[in-house]
Structures are given as structure tokens and as C-alpha cells.
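Here are the chains, one letter per residue:
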Amino acid sequence: MNNLKRLTSLLLALVLIFGLSINALANAHSGITLLLNGRKISLDEAFLNEENQVMVPLRMIGEELGYEVIWNEDWSVTLSRENNAIHLKIGESKVLINGEELKLEFPPLLKEAKTYVPVEFFNRSMGLVAGWNGKHQILKLSQWKDNEEYFFTMDEENKDKQDELVKYMESLQKYHNFNGSLLVSKNGKILLNEGYGFADKEQKIKNTSQTTFAIGSITKQFTAMAVMQLAEKGLLNVEDKLSKYLPDFPNGDLITIHNLLTHTSGLVSYTNLNEFLKMDISNRSPEAVIDLIKDLPLNFEPGKMFEYSNTNYVLLGMIVEKVSNIPLEKYLDGNIFKPLNMESTGMYSIDKYHIQDATPYVGFLELHPVDDELVLTQAFGAGNMYSTVEDLYRWDRALKTEKLISKETLNKIFEKYISIDETNYYGYGWMITEEVNSESKAHHGGNTFGFTANIARYPESDLTIIALSNMGSYDLISLTEDLRAIVLDKEYKMPEILEKIEIDDLSLYDDYTGRYELANGIYINISRVDDKLFAQVTGQDAFQLLPLSESRFFAQEVDIRIEFIKDEEGNVRKLTLKQLGMTHECKKIGDIEEQKEVELDPEIYNDYVGKYELAPGIIITITTEESRLYAQLTGQNKFEIFPSSQDEFFYKVVEAQIHFQRDEKGTVTHLILYQGGQEIPSVKLNE
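Since the model is a prediction, treat every value here as computed from it, not as a measurement. (Residues numbered from 1 in each chain as written. Predicted model: local features only at pLDDT ≥ 70, side-chain atom pairs only at ≥ 80, totals over all residues. Heavy atoms only, no water.)

Visitor: Looking at this model, I keep getting lost on the sheet that holds strand E39 (residues 628-633). Mind explaining?
Guide: Whether parallel or antiparallel, the strands of a sheet pair through hydrogen bonds between backbone atoms. Spatial strand order, E37-E38-E39-E40-E41-E42-E43-E44: eight strands in a closed barrel with antiparallel pairing. Mean inter-strand twist for the sheet, computed between neighbouring axes without regard to direction, equals 30 degrees. Sheet topology note: the strand E40 (residues 638-645)/strand E41 (residues 648-651) ladder contains four bridges and is antiparallel. Following the sheet pairing, Ser-645 is matched in E41 by Glu-648. (Pairing = 2+ DSSP bridges. Helix = DSSP H or I, 4+ residues; strand = E, 2+ residues; numbered from the N terminus. Axes fitted to C-alpha atoms, helices over the stretch in contact; angles between N-to-C directions.)

Right, dumping it as C-alpha cells:
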């Protein structure tokens, strides 16, 4: 993968439009919908308490799961089934599970003669896989599934290696806030298969090895498999022109299926267009995203170079549907998922309640829920699947057999068709890496706004590492390499402890401020606001830098290290930026061009104070303190804004402006936020 593109696409502070509360977006529903082992059950009696916890009637679900539920005179409840006994008491957080004590974050309560418990109870006390979709008010509860395949056997002969992996992951979860699931297999035996952190922080739902996550572009390898199955049956040929299946598609006579599979079509990726962010998520037809790009000129002549484009795999999904005469979801389910026993894998569809368990988040050490539905409804064959680490391991094992296609066809999938850079190539839905003094690797990542996924297969050592996270842009690449090093007895470093130190001489920060060049047209602005240092990448929000030393910094919002480098004379000439296992040197090119600040009568600031709605659940709050004006976006820090004229203000920590708008009576009625080339109107709310 092109390292610069990977950096600039993943170097992320809180994305302005999407850093919002899922529950704030919740639609009006008549009640909470329960999916119990995939079966829809109405939960009209469930409710959200004052702490926004989903409280669920215990007896109904307990009996649905085969428990005998007994109410005791001391206001306690006993649930029993076979050899399991669970004892809880109204108002007490302590729960006894077969005599062992567990403490819940929120205690059971009694309401209208019924016992209600938080979702956490079912997840932790009853061992259910749980998920909560706050936007659509859907609660998912699933009983644990036994893995009967032989390749799920734990490797009992490598206990030391297992302990080493566990130690590393526990450290990563503690110091780098890893939330997700991980599976490591060597020679067809399990070394590690665990969940970490929270599937939903607010509901205190834990991740497990059977929690489902959106897997983003890992979907592409399944779409590619579908294409090759159809090719093996003689129903299509990879050299077929796109025009054979979509006759009216511009340049369809120039683009082959092979070009689509290998990202050599020259087609613009629809996800790079601002229009994509404005799409109607209720229109889930793949033609809707294709309409965004089909009349745009090609970026290059098909077949001449590699350029990753999600458009390619949307078109491939459409071709699969056209050739098979069934929906892509149905094709994948019948020809891949069911044959491989991938019962927890599917394509996202809110209408069918086909959704992941985990709640998506953005951030790093501090997390904020994010609405991922736009990506999941519009990605189609390019990235709208969800799965578990265990199901993806079933997929990995099947790729060592001829269960889905012949070995000859399978080899075509993993062939190095086009060079990405010096060591990376692209096959059909897979990247292939060949480095000096290292074995080859077939791998692919997946990213949505709030999920990150990675699958890596090392065929020579029969090592497989699958990592899924409900944190957008989490560094699973470095994680995968470290875990590989542990298994193969290579050198690695434990996760760095990130602890902020106190800086005695804050004038140091003045030496660091300025504009640094990351790449052509992409800059990092370093600015100081009072006693804090901020970084802002072109087109993104500012984030605070926290000192690890006098010259080295980290951030809460994104997994990044920045170190300022001085020359022999003690002047700061550059910084180094480390992320995703890469290091970039950024030369200081000058000071930040500051807008001219004008003086206004602070009394006028009262005209602007209030809440402004950018979108449902996304609020800009304007406040005034000590003759200063501040703006705060939902889920983000509060920043001072400065007047460039009456009603027009600018940020110093980020390249953005706010212009307040008045009606004919002179009353401020709304504002317009200017950032990243966008104009975003926001209506002032009546309070």
C-alpha cells in the first residue's frame, strides 16, 4: 500500500461530521427490538434509565433461554439451568454465579412488580454475546456457539507462547486502549482467541471472540471469491469487458473484470467524493454510488497502474448479481458462508436486522461513538460485511483447501498482478507482501469510520493473525507485526506506556509552533493556546499534544507520536511523526499565517450564545467567558474563536471559520461553519 496515502487517510483526529453520539441519533421507536439468537422479539417493556442504560425484564429473557426464574421473599432472584445458578438482589450490584461474585456497574431494579437488569448482566453473568445499536434501538443477545472444527483446538504444547501473547495484549489494552477481538493460529492450532475492551462502553458490554464487527474492505476478498467461483463455472471470464454486463457504462469497453479485481481500472473511488458524504442512506442500491462517478473521466488508462478504488468492487458485486441472478448477499451466504459454517457473518442490512454487535468509535485513549451507517449501507461488495475473528479463521482454513474453488483458481487469487510499491502487490482482493529476509504475507485491511480490521496469512509458517476492532483507524498493522514476532521468536517491543509529564518551562512550546510539511499540499500546523500545544493536519480537526518528554508528544484522539528535532544551534527545524509503524520527517517551512483579529465590544458576544444544530445530534455550543467567545462541537474540546469582523470569527487551532447569520430584525438565527472546503449551515435552537 502506498505509505503516504495510508498515513493521510488514517491520521485522524475527531472527524468533524461523524464524531457524534449514537444515542443522540436514535430514531423515535415504539420500543426496543430484541434479537435473541437472531430471532426478533418486541421489548416494549424495556427502557433507558437516567444513566442511559438499557434495562431489560429479566424473567422474560431468562425463561426464553431455558432458565427457571424464582422470586424470593428477600427481594432476590435466582436463575437456574442444569448446573448453572445465578443469584442477584434488587438494588445490589453484586451477582453470584455458581458461588463466584461478580459486580455489575448498575444494579437490578424493581419496576411495576418486574425485575429489570442492565444488558451488562446478560453479557457477563449469563455469558451471552451482546450488542446494542442505540441509533435504531436494537438489542442483540446470542448464546455462545461451540466451535467443533478440529482447527479450533488450543495449542497445549506452546503454553509459554500463549502466555507471552496474553501479556502483550493485556498491556496493549491497558496502555493503548485496544477494544476488539483477536485470533492467532499456528499450524492449524489456536494460540490466542480472545475479546478485549468494550463492544459498547456505555452499556458496559464486553467484546468476545464471537462479537461481530464491521470488516470494511476485507469484504473485497469475498467478492473476489464469488467472481472466481463464477469464472470457474464458465459463467464469466476475468478478461470480459465491463460493457458486457453494464452496456451503458462509460469506458466500459476499456475496463475488464481483471482491472476491477486488481484496482487497475482508473475509475475514481466514490468514497473520495464529498457527494458520498451527502448520500441518502435509505437508498441502498449500488447504482446510487456508481452514479456519482460513472461520468467522471478515468484517472489513467486501464491496466497501466494501480490505484485503490472502492468503485471497482461495487461494480464486481453488481456483476455477481447479474451473472448469478440473485442478490449478492444471498450468493455469498449460499456459496461461501453456509458451506464454511460462518454463521455470524453477513452483509449489513438494517431492514433485515443484519447488523454487527459492536458499537463503532473514533479516537484512541478517549473514544466517542460514531455513526457508521453511511459506509455500511453504501459499500456493497467493497466493504459492507460484518464477521467475527472465528468466522474469518474458518475462511482462512478453507483457503488451504479446495472446498470453494480448485487449487488452480485459488492460485490466481493470490498471484502478484500489479505492483503497489517496492514490496507490496495486489492480487484478487488480497495484498501480497514480499520483503527481503522475510516470508511472504497475504493480507488485507478494512476501515470504516468506526471499525478497523486486518487479516494476515503467512503461508510458509502457517501462521494466521486476525484482528478486529470497533475503533476507527486503530493501528492493527503494527499489532499484527508484533504478534508475528512473538510467535516466530523475533524481536519486538511491548506497547509503550503513555503518561503525560509536567513541563516546567512552557516557553518550549513557542519553539515548536509553526507549519510543517508532511507531503505536497499536506501540512501539520503546530499552535499554542495558553499552556497547551495543538496539532492540526490539513483538512482535519486540531488535537492536543501531550508531553512524554520535553520534545516528544502523544495524543488522546489518535495513536500518534510527534517529536520535535533541533539542529546544532538549538533551533527546531523539523518534526518526526510516527504512526502505523511508519516514521515521517516533516520539515518546518515557516510560521502559521494568522488571520487578523479585530476588537469587538464583548457585549455583542451575547447575541451569539446558544446551541446550533449541524445535523441531528451534532451541536455547536457557543459560550462566552471573561469577554471571550468559545465554540464546542459535540464530543470535542471547547476552543476560543476570534473575531475577524462583526459576526465573522476564526479558530487559531484549526483552519476553520464561523460566520453568524442574522435575520431582518438583526437577531442571530444560524451560523455557517467553513472547514475543509465545506460550508455547513447550522440552525440556532430555541431554548
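Next, the rest of the story.
Visitor: Could you clarify how one ought to interpret helix H8 (residues 310-324) in this entry?
Guide: The α-helix winds at 3.6 residues per turn, so residues separated by three or four positions along the chain end up facing the same way. The terminal C-alpha atoms of H8 lie 22 Å apart, and with 15 residues this matches the ideal 21 Å at 1.5 Å per residue to within 8%. The buried count for H8 comes to 12 of 15 residues, which makes it a mostly enclosed element. Here H8 has its buried residues at Asn-310, Thr-311, Asn-312, Tyr-313, Val-314, Leu-315, Leu-316, Gly-317, Met-318, Ile-319, Val-320 and Ser-324. Buried-residue contacts for H8 involve helix H5 (219-232), helix H6 (257-261), helix H7 (286-293), helix H9 (328-337) and strand E24 (424-426). Looking at the residues trailing H8, positive phi occurs at Asn-325, about 65 degrees. (Expected span 1.5 Å × (residues − 1). Buried < 20%, exposed > 50% of the residue type's maximum accessible area, 1.4 Å probe, protein only. Contact = heavy atoms within 4.5 Å.)

Visitor: How do you make sense of the sheet that holds strand E30 (residues 522-529) when you look at a structure like this?
Guide: Strands sit in the order E29-E30-E31-E32-E33-E34-E35-E36 around a closed barrel of eight strands; the barrel is antiparallel. Across the sheet, the mean angle from the axis of one strand to that of its neighbour is 30 degrees, orientation sign disregarded. Looking at chain direction, strand E29 (residues 514-519) and strand E36 (residues 582-590) are connected through three bridges and run antiparallel. Across the sheet, the residue bridging to Arg-515 is Gly-590, located in E36.

Visitor: Looking at this structure, how should I read the nonpolar core?
Guide: In terms of nonpolar packing, the biggest core is built from 122 residues, with Leu-79, Phe-121, Phe-122, Leu-141, Phe-222, Leu-332 and Trp-395 touching the most fellow members. Each residue touching Leu-332, except ones within four places of it in the same chain, is listed here: Phe-222, Ala-226, Phe-337, Met-347 and Met-385. Listed in part, the 29 residues of the second largest apolar core include Leu-172, Tyr-196, Leu-483 and Leu-548. (Core = buried A, V, L, I, M, F, W, Y, C linked by side-chain atoms within 4.5 Å.)

Visitor: I tried to follow a nonpolar patch on the surface on my own but got confused; where do I start?
Guide: Among the surface-exposed residues, Trp-71, Trp-75 and Leu-110 lie close enough to one another that they form a single nonpolar patch of about 310 Å² accessible area. Along the chain, the position of Trp-71 falls in strand E5 (residues 68-71). Since its relative accessible area comes to 37%, Trp-71 is described here as partly exposed. (Patch = residues over 30% accessible without salt bridge, like charges linked within 9 Å, V, L, I, M, F, W, Y side chains within 5 Å. Areas by Shrake-Rupley, 256 points an atom, 1.4 Å probe, with all protein chains shown as cover. Salt bridge = Lys/Arg side-chain N within 4 Å of Asp/Glu carboxyl O.)

Visitor: Where do I start with the packing of H5 against H9 in this structure?
Guide: When two helices pack together, their arrangement is given by the angle between the helix axes and by the axis-to-axis distance. Relative orientation of the contacting elements H5 and H9 amounts to 80 degrees, with a least axis distance of 11 Å. In terms of orientation, H5 lies roughly perpendicular with respect to H9. Along the contact surface, H5 presents Phe-222, Met-225, Ala-226, Gln-229 and Leu-230, while H9 presents Tyr-331, Leu-332, Asn-335, Ile-336 and Phe-337. Split into classes, the residues belonging to the contact of H5 with H9 amount to eight nonpolar, two polar and no charged. (Parallel < 35°, antiparallel > 145°, perpendicular 65-115°, else oblique. Nonpolar A, V, L, I, M, F, W, Y, C, P; charged D, E, K, R; others polar.)

Visitor: How do you make sense of the pairing of strand E8 (residues 94-97) when you look at a structure like this?
Guide: Across a regular strand the side chains alternate sides, sitting on one face of the sheet and then on the other. Of the two faces of E8, the one lined by Val-95 and Ile-97 is fully buried and the one lined by Lys-94 and Leu-96 carries no buried residue. In the sheet, strand E7 (residues 84-89) pairs with E8 via three bridges, with the strands oriented antiparallel. Bridge pairing links Leu-88 to Val-95 in E8. Hairpin connection, E7 to E8: the antiparallel pair is bridged by four residues, and Gly-91 has positive phi, about 85 degrees. Of the strand pairs in this sheet, E8 and strand E9 (residues 100-103) are connected by four bridges, and their pairing is antiparallel. From the neighbouring strand, Lys-94 faces E9, where its bridge partner is Lys-103. As consecutive antiparallel partners, E8 and E9 are separated by two residues, and within that stretch Asn-98 has a phi angle of approximately 50 degrees, a positive value.

Visitor: How should unusual backbone geometry be read in this particular structure?
Guide: Trans peptide bonds make up most of the peptide bonds, and negative phi angles are found at most residues other than glycine. For Tyr-353, which is not glycine, the phi torsion reads 60 degrees and is therefore positive. Locating Tyr-353 in the fold gives a position in the loop between strand E19 (346-347) and strand E20 (361-363). The partly exposed category is assigned to Tyr-353, whose relative accessible area is 25%. Of note in this structure, Ser-627 is not a glycine but carries a positive phi near 65 degrees.

Visitor: Would you mind going over a negative patch on the surface with me for this structure?
Guide: Together, Glu-502, Asp-504, Asp-505, Asp-511 and Glu-550 line one region of the surface with negative charge. Relative to the helices and strands, Glu-550 resides in the loop between strand E32 (542-547) and strand E33 (552-554). (Lys, Arg positive; Asp, Glu negative; His and termini not counted. Charge placed at Lys NZ, Arg CZ, Asp CG, Glu CD.)

Visitor: I'm lost on the environment of Ser-185 in this one. Help?
Guide: Within the secondary structure, Ser-185 sits in strand E14 (residues 180-186). C-alpha separation for the pair Ser-185 and Trp-144, spaced 41 residues apart in sequence, amounts to 21 Å. When near neighbours in sequence (up to four residues on either side) are disregarded, Ser-185 contacts Ile-190, Leu-191, Tyr-393, Asp-462, Leu-463 and Thr-464. A distance of 3.3 Å separates a polar side-chain atom of Ser-185 from the backbone oxygen of Lys-189. A polar side-chain atom of Ser-185 sits 2.9 Å from a polar atom in the side chain of Tyr-393. (Polar contact = N/O pair within 3.5 Å; in protein donor to acceptor, adjacent residues only side chain to side chain.)

Visitor: Teacher, can you tell me more about the packing of aromatic side chains here?
Guide: By convention here, two paired aromatic rings are described through the distance between centres and the angle between planes. Inspection of every chain in the model, using the stated rule, returns 31 aromatic pairs. Their ring planes at 5 degrees and their centres at 4.2 Å tell us that Tyr-512 and Phe-564 sit as a pair that is stacked. Pair noted here: Tyr-512 is in helix H14 (residues 508-512) and Phe-564 is in strand E34 (residues 561-566), with a separation of 52 residues, a long-range link. Among the residues examined, Tyr-512 registers a relative accessible area of 2% and is labelled buried. Judged by relative accessible area, which is 3%, Phe-564 ranks as buried. Cluster of aromatic residues (ring-pair linked, three or more members): Tyr-509, Tyr-512, Tyr-516, Phe-553 and Phe-564. Positioned above the aromatic ring of Tyr-630, the side-chain terminus of Lys-638 is 5.2 Å from the ring centre. (Phe/Tyr/Trp six-rings, centres within 6.5 Å; stacked < 30°, edge-to-face > 60°. Lys NZ or Arg CZ within 6 Å of the ring centre and 35° of its normal.)

Visitor: Can you walk me through the pattern of salt bridges in this structure?
Guide: In a structure, side chains of opposite charge can pair up when their charged atoms sit close to one another. Considering all chains together, one arrives at 35 salt bridges under this definition. One salt bridge connects Glu-496 with Arg-552, and the closest N-O pair in it is separated by 2.7 Å. Pair noted here: Glu-496 is in the loop between helix H13 (476-487) and H14 and Arg-552 is in strand E33, with a separation of 56 residues, a long-range link. Judged by its relative accessible area of 28%, Glu-496 falls in the partly exposed class. In this structure Arg-552 comes out as partly exposed when scored by relative accessible area, which is 22%. Between Arg-561 and Asp-559 there is a salt bridge; the shortest N-O distance is 2.8 Å. On the basis of relative accessibility, which here comes to 15%, the residue Asp-559 falls in the buried class. Residues joined in a network through salt bridges with shared partners are Lys-135, Arg-284, Asp-351, Asp-371 and Glu-373.

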